[in-house]
Amino acid sequence: MYVNGNRVPDDITEKARSNQTLLSFLRDGLNLKGSKLGCAEGGCGACTVMISKYDVESGELKHIAVNACLMPALAADGCHVTTIEGIGSVKDDNLHPIQKAMVEMHGSQCGFCTPGIVVAIYSLYANNCNTKAIEEHMDGNLCRCTGYRPIWDAARSLCDDAEELVRGPCGTSCRECPERDICEQDCNVEDKEKVTADEDEQKVIVTSSKDKMAMKKSLIASSPDWADHPKKLFPSDIIDASSADSLALKKPLMVVDNAEFHGAGTWFKPTTLVGLLKLLKEFGNPVGGGYKIVVGNTEVGIETRFKHSVYPRLIYPGDSVESIFQVSASTNKIVFGGCTPLSFIQHEAERLSKNDPIFTRTLMPIHDMLRWFASTQIRNVACLGGNLVTASPISDMNPMLASMGANLVLSKLGEDDRTIVSRTVLVSDFFLRYRTVDIQTSEFLERIEVPVLAKVFEYVKPFKQARRREDDISIVTSGMRIKLVPKDGKFIIEHAALAFGGMAPKTVMAVKTAKVLIGSEFNRETFAKASECLMEEMKLPEKVPGGQAAFRMTLTNSFLYKFFLSVVVELKDDVEGIEGNHSAFPDISLPLPSIPIVDEAELSGAKTFITPDSVGKPFTHQSGPLHCTGEATYIDDINAPSGTLHASLILARECGVIFDKFETERALKTPGVVGIYGSDTISLLKGENRQGDESVFLPIGETIGHIGQVLGIVVGESLESAEMGARAVAIKYGTSSNEKVPVSIEDAIASKSFYESTRYDLTRGDLSALQSLKELEDTTSDTKVGDLVKISGTFRSGAQEHFYLETMSTLAVPTEGDTNLTIFASTQAASHTQEYIASATGTPMSKVVVRTKRMGGGFGGKETRNCFVSASAAVAAKAISRPVLLTLPRDVDMLTTGHRHCFLSKYHASARMTEDGAKLESMQIDLYANGGWGVDLSGPIVSRACLHVDGVYNFPNIQVEGVACKTAQAPHTAFRGFGGPQGIAACEHVMDHLAVACKIPKESFRRYNMYDESNTTHFGMALSQSNRKWHVPSIWDRMTSELNLSQRRQDIDEFNAKNKWVKRGAALTPTKFGIAFGAHFMNQGGALVHLYTDGTVLVTHGGTEMGQGLHTKVCQVAAQAFGISVEQVYINDTSTDKVANQIATAASMSTDLYGMCTLDACRQILARLKPYREKCGSEASLKDLAHAAFFDRVDLSAHGFYAPDKSMCHFDVNKPKPDNYPDDKPENSWKGQPFNYFTQGVAYSEVEIDVLTGNHRTLRADVVVDVGSSINPAIDIGQIEGAFFQGMGWSTIEEIVYSDDDHTWCGKRSNLFTQGPGTYKIPAFNDQPEIFNVSLLEDAENPIAVHSSKAVGEPPFFLGTTVFYAIKDAVSSFRKKASGRESYFEFRMPGTSERIRMQCNDELGIKVKTAMLGGDEKAAGSYQPSGSY
Ligand SMILES: Cc1cc2nc3c(=O)[nH]c(=O)nc-3n(C[C@H](O)[C@H](O)[C@H](O)COP(=O)(O)OP(=O)(O)OC[C@H]3O[C@@H](n4cnc5c(N)ncnc54)[C@H](O)[C@@H]3O)c2cc1C
Ligand code: FES
Ligand code: FES
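Residues numbered from 1 in each chain as written. Chains lettered and ligands numbered in written order. Predicted model: local features only at pLDDT ≥ 70, side-chain atom pairs only at ≥ 80, totals over all residues. Heavy atoms only, no water.

Draft legend 1. Representation of the overall build of the protein in the model. The number of helices and strands found in the protein is 44 helices and 47 strands. The C-alpha radius of gyration computed for the protein amounts to 32 Å, which stays within 12% of the reference 35 Å derived for 1429 residues, consistent with globular compactness. Considered along the principal axes of its C-alpha atoms, the protein spans approximately 95 × 80 × 75 Å. For the protein, buried positions account for 65% of its 1429 residues. Partitioning the intrachain contacts of the protein with sequence separation of at least 6 by distance along the chain shows that 77% fall at a separation of at least 24. Only carbon and sulfur atoms are counted for the fraction: they give 51% of the accessible area of the protein, which is about 50,400 Å². In the protein, the 146 positive side-chain charges and the 176 negative ones have mean positions that sit 3 Å from each other. (Helix = DSSP H or I, 4+ residues; strand = E, 2+ residues; numbered from the N terminus. Rg over C-alpha atoms; globule rule 2.2 N^0.38 Å. Buried < 20%, exposed > 50% of the residue type's maximum accessible area, 1.4 Å probe, protein only. Contact = heavy atoms within 4.5 Å. Areas by Shrake-Rupley, 256 points an atom, 1.4 Å probe, with all protein chains shown as cover. Lys, Arg positive; Asp, Glu negative; His and termini not counted. Charge placed at Lys NZ, Arg CZ, Asp CG, Glu CD.)

Draft legend 2. Examining the site of ligand 1 more closely. Taken together, 32 residues lie near ligand 1, and Ile-293, Val-295, Thr-298, Glu-299 and Asp-396 sit nearest. Within the backbone of Val-295, one N or O atom sits 2.7 Å away from an oxygen atom of ligand 1. Within the backbone of Cys-383, a nitrogen or oxygen atom sits 2.9 Å from an oxygen atom of ligand 1. Protein chains bury 93% of the 990 Å² of accessible surface belonging to ligand 1 in isolation. Mapped by element, the contributors of at least two residues to the shell around ligand 1 are strand 8 (292–293), helix 17 (384–390) and strand 16 (444–451). Sort the elements by how many residues they give to the shell around ligand 1 and helix 17 lands first, with five residues. When the residues that make up the shell around ligand 1 are grouped by side-chain class, the tally is 15 nonpolar, ten polar and seven charged. (Near = heavy atom within 4 Å. Polar contact = N/O pair within 3.5 Å; in protein donor to acceptor, adjacent residues only side chain to side chain. Nonpolar A, V, L, I, M, F, W, Y, C, P; charged D, E, K, R; others polar.)

Draft legend 3. Local environment of the pairing of strand 7 (residues 266–269). Of the two faces of strand 7, both are covered, the one formed by Thr-266 and Phe-268 as well as the one formed by Trp-267 and Lys-269. Here strand 6 (residues 253–255) runs beside strand 7; their pairing, made up of three bridges, is antiparallel. Residue pairing across strands places Met-254 opposite Phe-268, the latter belonging to strand 7. (Pairing = 2+ DSSP bridges.)

Draft legend 4. Representation of the pattern of salt bridges within the structure. As enumerated under the stated definition, the model contains 77 salt bridges in all. The residue Glu-1003 makes a salt bridge to Arg-1049 at a minimum N-O spacing of 4.0 Å. Pair noted here: Glu-1003 is in helix 34 (residues 1002–1008) and Arg-1049 is in helix 36 (residues 1045–1058), with a separation of 46 residues, a long-range link. Judged by relative accessible area, Glu-1003 falls into the partly exposed class, the value being 27%. Connected through shared salt-bridge partners, Glu-135, Arg-149, Asp-153, Arg-156 and Glu-1281 make up one network. (Salt bridge = Lys/Arg side-chain N within 4 Å of Asp/Glu carboxyl O.)

Draft legend 5. The side chain of Glu-41, seen in detail. Residue position: Glu-41 is located in the loop between helix 2 (22–29) and strand 3 (48–55). With no salt bridge to any partner, buried Glu-41 finds its closest opposite charge in Lys-1321, at an N-O distance of 7.1 Å. Of note is the side chain of Glu-41, whose polar atom sits 3.3 Å from the backbone nitrogen of Gly-1318. When sequence neighbours within four positions are dropped, the list of residues in contact with Glu-41 reads Cys-69, Leu-70, Ile-302, Phe-306, Gly-1316, Pro-1317 and Gly-1318.

Draft legend 6. Geometry of the UniProt feature "binding site: substrate" (unreviewed entry) in the protein. According to UniProt, the "binding site: substrate" (unreviewed entry) feature falls on Glu-863, Arg-944 and Phe-978. With respect to the element layout, Glu-863 can be found in the loop between strand 32 (848–852) and helix 30 (867–880). Apart from the residues within four sequence positions on either side, Glu-863 is in contact with Gln-828, Ala-829, His-832, Leu-937, Ala-974, Phe-978, Ala-1144 and Ala-1146. Examined against the element boundaries, Phe-978 turns out to sit in the loop between strand 36 (957–966) and helix 33 (980–998). The buried category is assigned to Phe-978, whose relative accessible area is 14%. With residues up to four places along the chain from it excluded, the contact list for Phe-978 reads Glu-863, Arg-900, Leu-937, Pro-940, Ile-941, Arg-944 and Glu-1354. (UniProt positions renumbered as here; feature names shortened; annotations may be inferred.)

Draft legend 7. How the structure looks around the sheet that holds strand 46 (residues 1255–1266). The four strands lie next to each other as 37-45-46-47, forming an open sheet whose pairing is mixed. Single-partner strands in this sheet number two, and they are strand 37 (1062–1075) and strand 47 (1331–1336). Taking the axes of each pair of neighbouring strands and ignoring which way they run, one obtains an average angle of 15 degrees across the sheet. The strands touched by helix 36 are strand 37, strand 45 (1237–1250) and strand 46; relative to strand 37, the strand with the most contacts, the crossing angle is about 145 degrees. (Axes fitted to C-alpha atoms, helices over the stretch in contact; angles between N-to-C directions.)

Draft legend 8. Representation of the UniProt feature "binding site: FAD" (unreviewed entry) in the protein. Summarizing the sequence annotation, UniProt attributes the feature "binding site: FAD" (unreviewed entry) to Ile-293, Val-294, Val-295, Gly-296, Asn-297, Thr-298, Glu-299, Val-300, Phe-373, Asp-396, Leu-445 and Lys-464 in the numbering used throughout. Spanning 172 residues, the annotated positions stay apart in the fold, the maximum distance between their C-alpha atoms being 28.2 Å. By secondary structure assignment, the location of Val-294 is in the loop between strand 8 and helix 13 (300–306). In this structure Val-294 comes out as buried when scored by relative accessible area, which is 1%.

Draft legend 9. Main features of the packing of aromatic side chains. With the rule as written, the count across this model stands at 32 aromatic pairs. With a centroid separation of 5.3 Å and 70 degrees between ring planes, the pair formed by Tyr-125 and Trp-226 is classed as edge-to-face. Residue Tyr-125 is located in helix 4 (residues 114–126), and its partner Trp-226 is located in the loop between helix 8 (212–220) and helix 9 (229–233); the two are separated by 101 residues in the primary sequence. Judged by its relative accessible area of 8%, Tyr-125 falls in the buried class. (Phe/Tyr/Trp six-rings, centres within 6.5 Å; stacked < 30°, edge-to-face > 60°.)

Draft legend 10. A look at the sheet that holds strand 18 (residues 474–487). Strand order in the open sheet formed by four strands is 17-18-19-20, and the pairing between neighbours is antiparallel. Two strands close off the open sheet at either side, each with one partner strand: strand 17 (458–466) and strand 20 (508–509). Here strand 17 runs beside strand 18; their pairing, made up of nine bridges, is antiparallel. Counterpart to Val-460 in the pairing with strand 18 is Arg-481. Along the sheet, helix 22 (residues 549–577) makes contact with strand 17, strand 18 and strand 19 (490–501), crossing strand 18 at roughly 35 degrees.

Draft legend 11. How the structure looks around the packing of helix 21 (residues 524–537) against helix 22. Where helix 21 meets helix 22, the axes come as close as 10 Å, and the angle between the chain directions of the two elements is 160 degrees. By the angle between their axes, helix 21 is roughly antiparallel relative to helix 22. Remark: the crossing between helix 21 and helix 22 carries right-handed chirality. Facing helix 21, whose interface residues are Arg-524, Phe-527, Ala-530, Ser-531, Leu-534 and Met-535, helix 22 presents Thr-556, Asn-557, Leu-560, Tyr-561, Phe-563 and Phe-564. The residue inventory of the contact of helix 21 with helix 22, partitioned by class, reads eight nonpolar, three polar and one charged. (Parallel < 35°, antiparallel > 145°, perpendicular 65-115°, else oblique. Left-handed = near helix turned anticlockwise from the far one by under 90°.)

Draft legend 12. Structural view of unusual backbone geometry. With omega at 5 degrees, the peptide bond leading from Met-1389 into Pro-1390 counts as cis. Position of Pro-1390 relative to the elements: it lies in the loop between helix 41 (1362–1379) and helix 42 (1393–1399). A positive phi angle, near 60 degrees, is found at Lys-686, a position not held by glycine. Residue classification places Lys-686 among the exposed residues on the basis of a relative accessible area of 73%. Residue Ser-1148 is not a glycine yet carries a positive backbone phi of 60 degrees. Secondary-structure assignment places Ser-1148 in the loop between strand 41 (1134–1135) and helix 38 (1150–1176).

Draft legend 13. A look at the pairing of strand 47. Burial runs high along strand 47: six of the six residues are buried. Here strand 47 shows two buried faces, one formed by Ile-1331, Asn-1333 and Ser-1335 and the other by Phe-1332, Val-1334 and Leu-1336. Here six bridges tie strand 46 to strand 47, and the two strands are oriented parallel to one another. By the bridge assignment, Asp-1262 is partnered in strand 47 with Asn-1333. Once the chain exits strand 46 it traverses helix 40 (residues 1273–1292) before rejoining the sheet at strand 47, and the crossover so formed is right-handed. (Right-handed = clockwise from strand over helix to strand, strands pointing away.)

Draft legend 14. Broad picture of the side chain of Arg-976. On the secondary structure map, Arg-976 appears in the loop between strand 36 and helix 33. Reaching out from Arg-976, the side chain makes a polar contact with the backbone oxygen of Gly-1353 at a distance of 2.7 Å. Among residues more than four places away in sequence, those in contact with Arg-976 are Phe-859, Arg-900, Pro-981, Gln-1279, Gly-1282, Ala-1283, Gln-1286, Gly-1353, Glu-1354 and Phe-1357.

Next up, the structure:
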């Protein structure tokens, strides 16, 4: 094996085991830590490496990107592996142009995803890609921070055709625009300026400019031969046919694993078909001991990792068995080798179709289905045979092939051990039961034969609906084929085959429905009959495994309808394409409804963004180059001290039962396991196990609160041994109480399971009006001026997983005879972690140092929930006197560390009709949050929700009560916005509901009721104060006019009138977000600044870097203070021994706090330097001054501190009104002012939904945010885009599912179903709005924060929900058309494809819902999919 141009020494390769992944081999065997482990299931792309092979026949190099976390290390035998380390390095400034582009265009934030993304882009360029290829093939990488726009820009920047894609905010391609030279759009103006202002760093952030080519030139200036890089790196030994290595490649390989505890087994790589079949025969016979064929390992790898399957022999067919890796075509059939990778099939399908149109209608549907099959990295290795033999009920290719009448050729070795015996099976007969196929032991799926479709009148179509468009397993998938014959002036259906996945435990054919079709005339009536039949044939019980019964049933019929429509179109083309007299053909000019847009690859990615005219400079992220070269170190990458042990947690697998004990005997016998610790260990250490209402390890005898609760920890010499040990621990459960454990909010309300300490109640205005609000009947009809319109209802917003790319990780190192601990932790709260560990291990805080260099994302998830992880590792380390590394696997992280709280809101609200609108009167709202099993931060989260429930609207009378529910879920915690978005979402729902009830357009109702400058919020804070401005109304008005929203609305209405099954919607969504920690004491920060005698500065402050660019901004502040360049200022890490008693990096407050305290420290040093400045003169450098002062014995270090004034960050909800409280003061203001100021913004979006499937795409998004005077506009824009994306994900596709009454199919009650990227979908590259403009409000100063800036991390999160409201608008438009009037409906968040489809309430949807609900049509009308919660 070769890695980065070098042959891996034999003594290292020999250590590779058959079940070892390439990623583990690279990281642990070769110490190449650039490739990251994000999920271990092929779902995030953080582990992407490039595999290159030499094709002897063509003499060409083949390069593919793969997931190293799934690829077996031994499968890379004979290949060249390029990892991020091989592409470029910060050493000697040797960055590859792709890495430079990523740095300069701000493509990395936390940087954890970045190496994988750079390698993915590098692999595309290795194959001479253009922008279209890039847009199709970035589907295998996820980024949780950036929102992808800058990565798109960087990825495209080196393409020759990049310039074609540059568009202005108008959406027009700049290259094609006739007004290109006179256009005054900001982007264009900026562009012009850039040409003349290249030296000025302020302009460097222009990423989508006309002079893309100039940018390309500058990126490749120092490496003009960059395109040849992969070729040059490729080892010549392999190309040299006579070299020993090249010859060795042709030989079979056998690797025997003798390490007993791995349970690995022997790896075989046969190089001939007979050799392969011989192995199957030998090990397949009853005494042979068994085998497993492995090709792409994308299924087997998952089984090995998550089901812990152990195979004694793995047989990997080498690609020198050419026939099984080929695609060939003849006039009547197309043959795919059983091991042909899917990407090669896709490639060949396109090539053959182009070469000969006869293949087009057979091959292009296969090609199109593969576009949405998994990701590029998976398709590059996964084979068709693997998809078939795995027989997943939701496999995509199986229904496709079954409907096409494909055959499988299964081969084995004959009795004589030489001849190959084959049999043929129809794909439709191949699937016997759940994951069971008609293949005998020792048989091999040699090839798949697909009949070529007739030249005309035969059609096949693929359908797939998933939670996310890209890289997602289907909810329902289907292949449909139909053959027509013209007869007696009609088209008769001669043959029909409909196959479905996702509707049964195996791929099924809708045989009865096909019978309805066959022999009938091809027309709408026939399909209507077929639809009736299909509904019966594909009926699912409500509680079917996998859930979504009604949606799945509806999808089968929607697909059938789409199939009918598409055949009509193609049939017309066929008829028109036939030369000569058409009179023999029936008339097919059927009256057709509009054709729904069938999903296709959308060109996406932002085209532009507008740079502000700002005081700050857009410096790139301080760690950008390190991120892009994989040299940035995260906890798991640290070169751990020798003797470091690995750890794995012991987790409860039941809940509501007593934890009796665990038996460790078997686990301790696992080779490599050295210790198992639980709550008694903490007692022995004289530590405190109890931490608040939780414990580090649940004590024996206590009731288990939720599945996943931590019971103990196992440490071993290797990760495998620790994990095997943890699995071998037998947990004994005691009796359970008969009470049902509350999982959902409804359960908690029913059993009154609340955290009373989190209850908040805030009232303003007329109490009697609020009381009567509850008692009044809802009034919504025939309103006139003066009437009070009253509504009531409920609204839900879902939970959200942080999905930081780097999971929780800690390295705990005991020192000084175990009296001290040094902890390297991925945490947002170093001091809190220090305190927790000190308490749990019985160590004084002064002897525990917690250090955090950087995190691979945090988003609030690492504010408190990392503590039990760090403490577990620290307890084990102290107990065994050795360093312990604990990195949570993705599934454990998702199961144990909590999410954003889901909310249920119950409300009553009213508005009074006026001459020109309707004025808000009152709102009474109860907010219930699901807090999980531990109060954690639920109190302040609920209070922030209560403080944001007014949105941006003036409710004269308001009463809000919030409380967190105690449930059997992991304790839920902080997540960007911290309850604020949940409060605002509830408010926006009420606003929508009232607008509908008052029959007023939603935008005008909102604008009419918006706070103005003279108002105060419901908690008594003035919107506009002397040095704080209220901007929301003006931004709203500006966007309304600049985007010409009335014209846009008209266009949307016109589009919707013309299209029945595709609807567009739009929304303008405002936000204000209060800045300050809710807890008064947390509003403080410290910094330590050292000026060295060479004039460089080292800053350490209490904040942590998680990608948000805090360190970069603080460096800018210090650089400006000292008058030096940013490069002269450095921040090493965050450490509790340098700055003590730090506050968590949260609440978007960090720049405000740490910028200020750093400034304070700098000013102290500057004051001491003042005499030297006077003495040495204005020309003297900082180095000169530092020297002079040092020799004068002046202290060049200073500790800075900052705490905002109490008046700006203190609110006591329970404080009684003082007797002498002046009447003219705003209500509630005696309670204090909770926030320093508000960060504000407005977003507009337009979407398009496919009514039949529930798919949506975002056509455009425009965002304007007031971030004051930005310190670093590039970082701020990055924060806005990232937050927008997270908000969009939360409100549209991200759905958490627990096992509860509504989801009985996902394991034991309280089990979390969504434990990885396979089931939980965050937005991917192609979820980018097609046009995405982000701008910062100009001339917006904020004199009360550092350099007049504003906090930016959390506030724009809510703006992403504009996409949800636009979707709701589109659904509303369909419902309005269907029912003839606009009526209220509860559209729950997230607006998933299921909710979109099921809320559209078309005839089909209602029919399915009614059938499922036992004929209750009324219930069907208000049916809500179970979704999450
Ligand atoms: C992140 C991710 C996303 C995915 N997305 C999708 C998706 O969108 N749609 C979808 O349908 N699937 C998806 N899958 C599933 C998987 O990728 C496919 O099933 C794939 O085709 C399996 O091929 P493989 O070569 O990796 O199989 P392997 O894991 O190597 O083998 C799978 C099984 O097939 C057997 N096998 C393989 N080839 C042969 C042969 N020629 N003869 C006999 N037995 C054979 C093996 O013994 C094994 O039992 C996804 C998987 C992952 C990890
Ligand atoms: S770690 Fe390999 S894809 Fe996530
Ligand atoms: S920068 Fe992509 S996940 Fe953080």
